[in-house]
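Coordinate inspection notes
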Amino acid sequence: MPRLIWPLLAALLLGACASKPEESPERTEAAQYREAQSAMDSNNYLTAIDRLKELEARFPYGRYAEQAQLDLIYAHFRSQEYPETVVAAQRFMRSYPAHPRLDYALYMQGLANFYMERSFFDSFMTTDKSARDLTSATDSFEDFERLVTRFPDSEYAPDARSRMVFIRNEMARHELHVARYYARRGAYIAAINRAQYVVQHYQRTPLVPEALAIMTAGYQRLDQPELAAKSRRILQDNYPDSGYLDKDGEVDLAWWPNEHKGLLSLLTFDLL
């Protein structure tokens, strides 16, 4: 009896294996890239990032490798993952230094640095970015400068130039923010130095008139009448209608501290 059971069991097992459906073959590179594109088209960028990374891992030298890296830059940016955008752009430029879309990668790196300092609360309130550390803004300016220098005819060059103007204004505003702080603390030499930096390095920005006014007031406070007169004359000659000049042509800074500061002013940083 047992001799008959074993052949029967073997036959049943073979039949079960034969009737088991075949496993689906692994997705091809093209199919996987289509999945990533479908996620991007649906604005599902986090899913797209996962699909693109998987595609790169499976087919690092495939026909979609270059485009996958470009798509990763865009997907990270649209997901507001700005540090990851910079990393992805730098990786692409290292991998394909002669790629025809190198200008795009450089532009996206600049954009990511441009938005790097935005915080969650910026969408709900107005904040003065000039008072912050501007390291990312400086990096963004350098990215855009490289773009317009290397690819002056790029489709991204006009926007890069516009953003460079904005960043320069922010940098100048940052310097004046510090200059005002020093002036309110009575550190007039430091305030003058910051204002001079604006005049020398940000001549095309609208912050120059205030910088000259700070220099004039600072030299007056330091009892340097010749230097004060020189700064005022430059302000009068180049910006005769400036709001920092009164009707008599004298410098007028509404926020400039009184010569004799009280204890309350020192304790409240001139806010009261």
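Within an unreviewed UniProt entry, the label attached to the chain reads Outer membrane protein assembly factor BamD, and the organism entered is Alloalcanivorax gelatiniphagus. For the record of the chain, the UniProt heading Sequence similarities (unreviewed entry) holds the text "Belongs to the BamD family." Database annotation for the chain, UniProt heading Subcellular location (unreviewed entry): "Cell outer membrane".

Focus on helix α2 (residues 29-41)
For α2, spanning 13 residues, the distance from its first C-alpha to its last is 18 Å, which sits close to the expected 18 Å at 1.5 Å a residue. Listing the buried residues of α2 in full gives Glu-29, Ala-31, Gln-32, Tyr-33, Ala-36, Ala-39 and Met-40. Close packing links the buried residues of α2 with α3 (45-58) and α4 (65-78). Trailing α2 by a residue or two, Asn-43 shows a phi angle of about 60 degrees, which is positive.

Focus: the packing of helix α8 (residues 157-184) against helix α10 (residues 208-221)
One can describe the packing of α8 onto α10 by two numbers: an axis separation of 11 Å at closest approach and a directional angle of 25 degrees. One element, α8, and the other, α10, form an angle in the roughly parallel class. Like other packed secondary-structure pairs, α8 and α10 cross with a definite hand, here left-handed. Residues Leu-176, Ala-179 and Arg-180 of α8 touch α10, and the partners they reach there are Glu-210, Ala-211 and Ile-214.

Examining the environment of Tyr-182
Looking at the secondary structure, you find Tyr-182 in helix α8. Tyr-182 gets classed as partly exposed once you look at its relative accessible area, which sits at 28%. Distance from Tyr-182 to Arg-194, taken between C-alpha atoms, is 9.1 Å for residues 12 residues apart in sequence. Apart from residues no more than four positions distant in its own chain, Tyr-182 is found in contact with Ala-187, Ala-190, Ala-191 and Arg-194.

A closer look at helix α11 (residues 225-238)
The terminal C-alpha atoms of α11 lie 20 Å apart, and with 14 residues this matches the ideal 20 Å at 1.5 Å per residue to within 8%. Residues of α11 that are buried: Ala-228, Ser-231, Arg-232 and Leu-235. Within α11, the buried residues cover an arc of 95 degrees as seen down the axis, which keeps them to one side. Residues of α11 that are exposed and angled more than 90 degrees away from the buried face: Glu-226, Asp-237 and Asn-238. Packing partners of the buried residues in α11 comprise α10.

As for the pattern of salt bridges
Side chains bearing opposite charge may pair, as long as their charged atoms lie close to each other. All told, the structure shown has seven salt bridges when counted by the stated rule. Here Glu-35 and Arg-51 are joined by a salt bridge, their closest N and O atoms 3.6 Å apart. Taken together, the residues span a long stretch of sequence, with Glu-35 in helix α2 and Arg-51 in helix α3 at a distance of 16 residues. Residue Arg-51 is classed as partly exposed on the basis of its relative accessible area of 28%.

Rules of the game
- Residues numbered from 1 in each chain as written.
- Predicted model: local features only at pLDDT ≥ 70, side-chain atom pairs only at ≥ 80, totals over all residues.
- Heavy atoms only, no water.
- UniProt positions renumbered as here; feature names shortened; annotations may be inferred.
- Helix = DSSP H or I, 4+ residues; strand = E, 2+ residues; numbered from the N terminus.
- Expected span 1.5 Å × (residues − 1).
- Buried < 20%, exposed > 50% of the residue type's maximum accessible area, 1.4 Å probe, protein only.
- Contact = heavy atoms within 4.5 Å.
- Axes fitted to C-alpha atoms, helices over the stretch in contact; angles between N-to-C directions.
- Parallel < 35°, antiparallel > 145°, perpendicular 65-115°, else oblique.
- Left-handed = near helix turned anticlockwise from the far one by under 90°.
- Arc of directions from axis to C-beta.
- Salt bridge = Lys/Arg side-chain N within 4 Å of Asp/Glu carboxyl O.

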